[in-house]
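Topology and contacts: notes
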Amino acid sequence: MQTFSTLSLQTLDATLLIQLNRPDKLNALNGTMLEELEAIFTDRQLIASHRSIVITGVGKAFAAGADIAELSECTEATGEAFSRRGQRVFQLIEACPIPVVAAVNGYALGGGCELALACHLRFASTKAVFGQPEVKLGIIPGYGATQRLVRLVGIAHALELMLTGEHISAERALAIGLVNRLVDAASLLDDTVAFCTKIAQLPRRAIESIIHCAYSASPLSFDTEARQFATLCGTEDFREGTRAFLEKRTPNFRGQ
Ligand code: COA
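Remember, predicted model here, so these are calculated numbers, not experimental data.

**Topic: the sheet that holds strand β2 (residues 15-20)**
Strand order in the open sheet formed by six strands is β1-β2-β3-β5-β7-β10, with mixed pairing between adjacent strands. Because the sheet does not close on itself, it has two edges, and the strands there are β1 (7-12) and β10 (181-183). Averaged over all adjacent pairs, the angle separating strand axes in this sheet is 25°, with direction ignored. Strand direction decides the pairing type here: strand β3 (residues 52-57) and strand β5 (residues 100-104), joined by three bridges, are parallel. If you follow I55 over to β5, its bridge partner there is A102.

**Observations concerning the sheet that holds strand β4 (residues 61-63)**
Read from one edge of the open sheet, four strands run β4-β6-β8-β9, paired in mixed fashion. At either end of the open sheet lies a strand with only one pairing partner, and these are β4 and β9 (168-169). In terms of strand pairing, strand β6 (residues 107-109) meets strand β8 (residues 129-131) through three bridges, oriented parallel. Its bridge partner lying in β8, Y107 is registered against V129. Its contacts with the sheet put helix α5 (residues 111-118) on β4, β6 and β8, and the angle it makes with β6 is roughly 90°.

**Points about the site of the ligand**
Looking at the ligand, there are 19 residues lining it, with K25, K60, A64, I68 and K248 nearest. Within the backbone of D24, an N or O atom sits 3.5 Å from an oxygen atom of the ligand. Between the ligand and the protein, one listed contact pairs a nitrogen atom with a backbone N or O atom of I68 at 2.8 Å. Surface burial for the ligand is 70%, taken as the share of its 860 Å² of free accessible area covered by protein chains. Applying the majority rule of atoms within 2 Å of the grid points places the ligand in the largest pocket. Mapped by element, the contributors of at least two residues to the shell around the ligand are α3 (68-71) and β6.

So, how was this worked out
Residues numbered from 1 in each chain as written. Predicted model: local features only at pLDDT ≥ 70, side-chain atom pairs only at ≥ 80, totals over all residues. Heavy atoms only, no water. Pairing = 2+ DSSP bridges. Helix = DSSP H or I, 4+ residues; strand = E, 2+ residues; numbered from the N terminus. Axes fitted to C-alpha atoms, helices over the stretch in contact; angles between N-to-C directions. Contact = heavy atoms within 4.5 Å. Near = heavy atom within 4 Å. Polar contact = N/O pair within 3.5 Å; in protein donor to acceptor, adjacent residues only side chain to side chain. Areas by Shrake-Rupley, 256 points an atom, 1.4 Å probe, with all protein chains shown as cover. 1 Å grid on protein atoms, 1.4 Å probe; cavity = no way out; pocket = protein on both sides within 12 Å on 5 of 7 lines; lining within 4 Å. Sits in = over half its atoms within 2 Å of the grid points.

What follows is the structure, encoded as structure tokens:
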């Protein structure tokens, strides 16, 4: 199997296990990680030789968002391409013909939460923490959450998460329908793979059709999100929010 610098791959039964592997940066999604995810989800042979995919994180995070060091370089001119790149990779995940399950082991924030949203199902450890904190950086989610979160949990819960930027517990995520199941941290991976192994006994073609039909019922549009994301990348508050995070201080927003 191909090797990657930010991901570890392994086959367990018929399940392809993808581990996000930048634990020192809480698996923040940088450009390389997105490229490597794209390579996997466009590899038809790799997908054809498995019955399901599980995505999880190494260490205490699933993924703590887009890499803020890279994000902070965005301008109004480059922000749309930044957003569209993540949107494209996550759309490949959603369109995958075999079930993709997020095994959320810890922080799933910003782009990390959006990655989980792009998976077909989400199993969460009781230690998982979810949130869309982009507003605290002066921007909006740019990898699909403005659409997928609304579809999944309804506009009221989605707006509460995105407008406050607050973290929520795994229990709360279960209560609002953001995750399918809560699992003990120690057995998260085993339980998720066991679930996938059970589905692998069922006919592949029918599984593929169910995924296809379920998503064709409510097609989403990501254009507005990418454009608004880019506009906000041109603001002073975005520069202040990202700089403050990197400098480990509280931001001073001025509404500009
Ligand atoms: N992008 C880049 N680096 C990130 C990151 C991100 N999204 N999230 C965490 N990191 C880095 C930190 O900068 C730190 O690096 P350093 O050790 O080189 O300084 C390392 O990961 C550990 O993070 P730290 O903040 O020290 O851990 P913590 O346990 O105190 O806090 C979080 C954990 C998740 C609450 C905090 O890291 C956080 O708020 N991250 C950003 C979340 C976010 O806004 N995501 C949306 C981005 S669009």
